[in-house]
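The lines below spell out each chain.
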Protein chains: 2
Amino acid sequence: MAAEAPLISPVLASEVNRARIMQALYDTGPLSRAELARLTGVSRATIGSITAQLIDNGLLAEGDSRPSSAAGGKPSRPLWFAENAPPIASAHLLPGTVEAALISAGGTLLARTRREYDVHVSGGAPALEALTEALTEIRAAGSAEPMGIGVAIGGMVDTDSGSIVHIALAPALDGLPVAEHLSTTLELPTWIDVHPRVQALGDRWFGQGRGRAGFASLYTGEALGVGLVIGGSVHRGPGGTGGEVGHTTVDLHGKPCHCGRIGCWETIATHTWLRAEALEKGLPGAATLTAGPLARLAARDHPHAAELLDEYARNLAIGMANLHQTFAPGLFILHGDAVAAGETLRGRIEHQLHRGIPPHPAGPPQVAFTNLDDHATLLGAAGLVLSRTLHIAI
Amino acid sequence: MAAEAPLISPVLASEVNRARIMQALYDTGPLSRAELARLTGVSRATIGSITAQLIDNGLLAEGDSRPSSAAGGKPSRPLWFAENAPPIASAHLLPGTVEAALISAGGTLLARTRREYDVHVSGGAPALEALTEALTEIRAAGSAEPMGIGVAIGGMVDTDSGSIVHIALAPALDGLPVAEHLSTTLELPTWIDVHPRVQALGDRWFGQGRGRAGFASLYTGEALGVGLVIGGSVHRGPGGTGGEVGHTTVDLHGKPCHCGRIGCWETIATHTWLRAEALEKGLPGAATLTAGPLARLAARDHPHAAELLDEYARNLAIGMANLHQTFAPGLFILHGDAVAAGETLRGRIEHQLHRGIPPHPAGPPQVAFTNLDDHATLLGAAGLVLSRTLHIAI
DNA sequence: TAGGTTAGTTTAAAGAGTAAACATACTGAG
DNA sequence: CTCAGTATGTTTACTCTTTAAACTAACCTA
């Protein structure tokens, strides 16, 4: 329990309970009042009164009644988010590009758009403009006013002030007050967070992390990042620090990293490394190689391809083993480049990971690929709004 | 919030509130009802009724009234743990040795003892016997029955089953059901956990981590271990995994570790490394060197001593920087060997740590030495009982 | 001694969850 | 077709807890 947690008053308790009902729905899918009562361990009467409020507020709606079981009984009426419940506006700010989407309260993608902007304009006005335009466009696609805006940033941010700290490929945006600008311009509550953490929120609310207390959401490809879910909530250090797992030292006597240090995990497990190795091994398309094509080369028994795939798996597993030894998330959900390589790579990563850690009765950690395709981040930005709006600290 | 959290009923709310009052006292020290009311944001009436129960139960007692401020007013009566409140029995199981202590509810050490045992007897009966004897002895030193037993284990454990998984220097104890044995033999609820995590609980309840939402408690010396406090609670992976930070890879092309892998943090930041380097540099007493004597050598301008101290600080900082990059605890509390080297080493570690991480508006992480002397683990074992008994997940 | 200030308690009221009974709506055997 | 059985959802009387406001207690200063 966080330090200085307020005492629980009846009204706070009911607020928390309302939020937990919502969360149980997100974690499990549509549920009848009786199912909710069993799941949460309270009486059907209580669930009835709580859900009545949520239905009155237009957040939830009763679905068509489901057939009774063979034993008989009154058919249950599943509850789920109402058609016209407030949706959520989400965006992903990348160097030069903005993606935005409107997500329904239930987690379906209602609309999606993108904008390009000039990264070089100091002050970052074009980025804010692109964000505002994209969000205005998708906002118009919904029938109700969004409950808020969530933005994922491909760089370091200060979640307290809602501003960008540093984006390596877009230094002109450093210090940009994204949340402040959007909340005043669009008159909606706005939250921002770093990309891997938002991605983890996507897994937590809508993906394989649903209902789980702990897991690690890993992004691989041109960079490495991690979002850690601990105790059901995504972990944030002071001001939103943490998750910069790409720049942890794994090879003290290795190659210099672009960040200025030596042997960061990124020096052995990103595209830059993969392409350099591929070039050395004389693989075709080395300069633009990614994990997917590499796995296909390996499947076709191309010389050295399987070898390189193994090394890539081993290098990814090194950092994951470090995470396991420290945090023991129990589950790694992989996003980005690695996913395209499919089971070939997943199995190798899992194997290497299990080799690199001592046995424990709790069993070895699992390695999974995301099932959210490329929506993970935009869904996660919606999860960011949900986490902040419902008063639960996910 | 953890998945599947139960809904809050009035009676659960009051239970949680009682626990939070207790925690506020631990975090802040003796407090009057009015101060508690201000701290927790509830009315004085509420605090009055909650504390009345705790006083009736014999847990809390009113201290002598404190003088009013210059503005006048009725003098406040500080509340603190009662003299005869149930104490806590705590123990630390090491290869060959058991330490045990009786800790008052308020966190003072009432009695302390130790036992030796034969590590080589397979089945581990002597260890259990030593634990039982030591705990029986210190139990007799208290006026009231202890509220429970907390045991720190110098090795890998399964916190779910309360048994030892593996202790490197005492393989005869593998699988030993410590909690089960003690709880039936001594008829007291018993919990066990790994040493660094227990140490972190000591910091959280009684040391520099008091009242903090997040920090890392690091043990240095013959081994490296970490206990992570996140959201006010100590972090446990499934079954109590995690914290094995000594065996995270930092030097992929480094020396082999006794665990079978290459370049673990322990290969560059423990006594083994320090002594090998000292030998190479021809420092006196190299074979038994620790950080304290090394710092004194460095202070006396002994050739190479300052150099070695710098390297030691740098090597410790490498793993700490990795922890900061992933988890950003904001504060590192150091225990063990390093403490004896004093500010000389602390400053160097902090300097090296700050060099190794990118700047952020939230400010750099702090490095502190424990103020709990060698009691940290035994106090932490008491904290383990407190965490489990009060229904808060610290 | 009076007025101001702070601590702690009392009391009536409001809000929330609960248990038990009840109404509703289905299944399936006879 | 009826009726017992079963499960869902709602109503009602009740308990528990916090709260606001008034009140008492104990101190300070002028």
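As the structure is a computational prediction, the values presented were derived from the model and not from experiment. (Residues numbered from 1 in each chain as written. Chains lettered and ligands numbered in written order. Predicted model: local features only at pLDDT ≥ 70, side-chain atom pairs only at ≥ 80, totals over all residues. Heavy atoms only, no water.)

Caption draft 1: Representation of the overall build of chain A. Along its length, chain A carries eleven helices and 14 strands. By the compact-globule yardstick of 21 Å for 394 residues, chain A fits well, its C-alpha radius of gyration being 23 Å. For chain A, the spread of C-alpha atoms along the principal axes amounts to about 65 × 55 × 45 Å. Buried positions account for 57% of the 394 residues belonging to chain A. When contacts within chain A are restricted to residue pairs at least 6 apart in sequence, those whose partners lie at least 24 apart make up 60%. (Helix = DSSP H or I, 4+ residues; strand = E, 2+ residues; numbered from the N terminus. Rg over C-alpha atoms; globule rule 2.2 N^0.38 Å. Buried < 20%, exposed > 50% of the residue type's maximum accessible area, 1.4 Å probe, protein only. Contact = heavy atoms within 4.5 Å.)

Caption draft 2: Geometry of the protein's contact with DNA strand C. The local shell around DNA strand C holds 30 residues, among which Asn17 and Thr46 of chain A together with Gly73, Lys74 and Arg77 of chain B are the closest. Of everything in DNA strand C that lies within 4 Å of the protein, sugar and phosphate atoms constitute 71%. Between DNA strand C and Arg33 of chain B, the relevant distance is 3.2 Å, taken from a phosphate oxygen to a main-chain nitrogen or oxygen of the residue. In this structure, a phosphate oxygen belonging to DNA strand C sits 3.0 Å away from a main-chain N or O atom of Ala34 of chain B. Of all the elements in the fold, those that place two or more residues in the surface near DNA strand C are helix H1 (10-28) and helix H3 (44-56) of chain A together with helix H2 (33-40) and helix H3 (44-56) of chain B. For the surface near DNA strand C, the class distribution of residues is eleven nonpolar, 13 polar and six charged. (Near = heavy atom within 4 Å. Polar contact = N/O pair within 3.5 Å; in protein donor to acceptor, adjacent residues only side chain to side chain. Nonpolar A, V, L, I, M, F, W, Y, C, P; charged D, E, K, R; others polar.)

Caption draft 3: Layout of the state of the cysteines. All names here are of chain A. Scanning the model with the defined rule gives zero disulfides over all chains in all. Lacking any disulfide linkage, Cys257 is separated from the closest cysteine sulfur, that of Cys259, by 3.7 Å. Classification of Cys257 by relative accessible area gives buried; the value is 9%. (Disulfide = S-S within 2.5 Å.)

Caption draft 4: Structural detail: unusual backbone geometry. Residues and elements named next belong to chain B. You will see that Ala328, though not glycine, has its phi angle at about 45°, which is positive. Position of Ala328 relative to the elements: it lies in the loop between helix H9 (305-327) and strand E13 (331-336). Given a relative accessible area of 3%, Ala328 falls into the buried group.

Caption draft 5: Region of interest: the domain arrangement of chain A. All names here are of chain A. For chain A, the assigned domains read domain 1 (10-81), domain 2 (88-202 + 377-389) and domain 3 (211-371). Domain 2 puts 14 residues into the contact, and the matching count from domain 3 is 17 residues. Between domain 2 and domain 3, roughly 1,100 Å² of surface is buried when both sides are summed, and carbon and sulfur atoms account for 52% of that area. Of all residues in domain 2, Arg197, Gln199 and Ala200 bury the most surface against domain 3, accounting for 50% of the area lost on that side. Across the contact surface, domain 2 and domain 3 share one salt bridge. On the surface where domain 2 and domain 3 come into contact, there are nine residue pairs in polar contact (both at pLDDT 80 or more). (Domains from an automatic or database assignment. Buried area = accessible area lost by both parts, 1.4 Å probe. Salt bridge = Lys/Arg side-chain N within 4 Å of Asp/Glu carboxyl O.)

Caption draft 6: Structural view of the relation of the copies chain B and chain A. Take chain B, turn it by 180°, move it 0.0 Å along the axis, and it overlays chain A with an RMSD of 0.1 Å. Given the turn and translation reported, the copies of this chain are related as if by a two-fold rotation axis. By residue overlap, the copies meet face to face through one surface: 97% of the interface positions of chain B are interface positions in chain A. (Least-squares fit on C-alpha atoms with pLDDT ≥ 70 in both.)

Caption draft 7: Here's a closer look at the packing of aromatic side chains. Scanning the entire structure with this criterion turns up eleven aromatic pairs over all chains. Ring geometry for Trp80 of chain B and Phe81 of chain B: centres 4.7 Å apart, planes at 70°, overall edge-to-face. When its relative accessible area of 8% is taken as the criterion, Phe81 of chain B is described as buried. By way of ring pairs, the aromatic residues Tyr26, Trp80, Phe81, Trp205 and Phe206 of chain A are connected into one cluster. (Phe/Tyr/Trp six-rings, centres within 6.5 Å; stacked < 30°, edge-to-face > 60°.)

Caption draft 8: Representation of the sheet that holds strand E13 (residues 331-336) of chain A in the model. Residue and element names in this part refer to chain A. Judged by pairing direction, the sheet is mixed, and its five strands sit side by side in the order E12-E11-E10-E13-E14 without closing on themselves. Each having just a single partner strand, strand E12 (233-234) and strand E14 (366-369) make up the two edges of the open sheet. Summarising the sheet, strand E11 (residues 225-230) and E12 pair through two bridges and their orientation is antiparallel. Looking at E12, one finds that Val229 is bridged to Val234. In the packing of helix H6 (residues 195-206) onto the sheet, contacts are made with strand E10 (215-220), E11, E12 and E13, and the angle to E10 comes to roughly 125°. (Pairing = 2+ DSSP bridges. Axes fitted to C-alpha atoms, helices over the stretch in contact; angles between N-to-C directions.)

Caption draft 9: H1 of chain A, seen in detail. All names here are of chain A. In this model H1 runs 27 Å from its N-terminal to its C-terminal C-alpha over 19 residues, within 8% of the 27 Å that 1.5 Å per residue would give. Where H1 is concerned, the buried positions are Ala13, Val16, Asn17, Ala19, Arg20, Ile21, Met22, Gln23, Ala24, Leu25, Tyr26 and Asp27. Where the residues of H1 are buried, they touch helix H2 (33-40), H3, strand E1 (60-62), strand E2 (79-81), H6 and helix H11 (376-389). With its phi angle positive at about 100°, Gly29 sits one or two positions after the end of H1. (Expected span 1.5 Å × (residues − 1).)

Caption draft 10: Main features of the environment of Thr270 of chain B. Residue and element names in this part refer to chain B. Assignment of secondary structure puts Thr270 in the loop between strand E12 (233-234) and helix H7 (271-281). Under the relative-accessibility criterion, Thr270 is labelled buried at 2%. Setting aside its immediate chain neighbours within four residues, Thr270 contacts Gly221, Glu222, Ala223 and Leu224.

Caption draft 11: Representation of the sheet that holds strand E3 (residues 88-94) of chain B within the structure. Residue and element names in this part refer to chain B. Judged by pairing direction, the sheet is mixed, and its five strands sit side by side in the order E5-E4-E3-E6-E9 without closing on themselves. Each having just a single partner strand, strand E5 (109-116) and strand E9 (190-194) make up the two edges of the open sheet. Averaged over all pairs of adjacent strands, the angle between their axes in this sheet comes to 15°, without regard to strand direction. Its contacts with the sheet place helix H6 (residues 195-206) against E3, strand E6 (149-153) and E9, and it is angled at close to 110° to E9. Each of E3, strand E4 (97-103), E5, E6 and E9 touches helix H11 (residues 376-389); the most contacted strand, E3, lies at about 125° to it.

Caption draft 12: Molecular detail of the environment of Ser32 of chain A. Residues and elements named next belong to chain A. Position of Ser32 relative to the elements: it lies in the loop between H1 and H2. On the basis of relative accessibility, which here comes to 4%, the residue Ser32 falls in the buried class. C-alpha separation for the pair Ser32 and Pro284, spaced 252 residues apart in sequence, amounts to 56 Å. Aside from chain neighbours lying at most four places away, what touches Ser32 is Arg66, Ser76, Arg77, Pro78 and Leu79.

Caption draft 13: Region of interest: the interface of chain B and chain A. Every contact between the two is made by 66 residues of chain B and, on the other side, 64 residues of chain A. Summing the contributions of chain B and of chain A, the shared interface buries around 5,400 Å²; its carbon and sulfur component is 62%. There are zero salt bridges connecting chain B and chain A. Our count for the contact surface shared by chain B and chain A stands at 24 residue pairs in polar contact (both at pLDDT 80 or more). If you list the elements that add at least two residues to the side of chain B that touches chain A, you get helix H1 (10-28), H3, strand E7 (156-158), strand E11 (225-230) and H9 of chain B. Residue contributions to the side of chain B that touches chain A peak at seven residues, all from H9 of chain B. Residue composition of the side of chain B that touches chain A, by class: 35 nonpolar, 24 polar and seven charged.

Caption draft 14: Structural context of the pairing of strand E8 (residues 163-166) of chain B. All names here are of chain B. Direction of pairing for E7 relative to E8: antiparallel, over a ladder of three bridges. Across the sheet, Asp158 pairs through a bridge with Ser163, a residue of E8. The hairpin formed by E7 and E8 contains four residues between the paired strands, and Gly162 there has a positive phi angle of roughly 70°.

Caption draft 15: Just the protein's contact with DNA strand D, in detail. Around DNA strand D sit 31 residues, and of these Arg44, Gly73 and Arg77 of chain A together with Asn17 and Thr46 of chain B come closest. Counting only the atoms of DNA strand D within 4 Å of the protein, the fraction contributed by sugar and phosphate is 64%. At 2.8 Å from a phosphate oxygen of DNA strand D is found a side-chain nitrogen or oxygen belonging to Asn17 of chain B. Within the backbone of Gly73 of chain B, an N or O atom sits 2.9 Å from a base oxygen of DNA strand D.

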